[in-house]
Amino acid sequence: MSITATELKSNLGKYLLLSATEDIYITKNGKIISKLTNPFQERVDIAKSLFGIIPDDMTLEESQNERLDRI
């Protein structure tokens, strides 16, 4: 998402919340001057990539035991 610096000043709270899920590019005079981003986005992306890896019919204990068996 790209917004102007004036828009950011007017609605800072809104864009702080949005930056948790997407990068916000701030422009001034039509040029990008800054990026507002989640400092933990890499962790969020990794967690999202793991969703669905464990089958629905497997219990937590079974998945832990399987993980320990690999060591």
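Everything here concerns the structure above.
The rules behind these values
- Residues numbered from 1 in each chain as written.
- Predicted model: local features only at pLDDT ≥ 70, side-chain atom pairs only at ≥ 80, totals over all residues.
- Heavy atoms only, no water.
- Pairing = 2+ DSSP bridges.
- Helix = DSSP H or I, 4+ residues; strand = E, 2+ residues; numbered from the N terminus.
- Axes fitted to C-alpha atoms, helices over the stretch in contact; angles between N-to-C directions.

Colleague: Could you give an account of the sheet that holds strand β1 (residues 2-4), with specific residues and numbers?
Modeller: One open sheet holds the three strands; their spatial order is β1-β2-β3, and the pairing between them is mixed. Each having just a single partner strand, β1 and β3 (31-36) make up the two edges of the open sheet. Adjacent strand axes in the sheet meet at a mean angle of 35°, parallel and antiparallel pairs treated alike.

Colleague: So, the pairing of strand β2 (residues 24-28): which residues are in play, and what are the values?
Modeller: In the sheet, β1 pairs with β2 via three bridges, with the strands oriented parallel. Bridge pairing in β2 links isoleucine 3 to isoleucine 26. In this structure, β2 lies alongside β3, joined through five bridges in antiparallel fashion. Across the sheet, the residue bridging to lysine 28 is lysine 31, located in β3. Linkage of β2 to β3, two consecutive antiparallel strands, is achieved through a turn of two residues, within which asparagine 29 is found at a positive phi near 55°.

Functional significance is not addressed by these values, which are geometric in nature.
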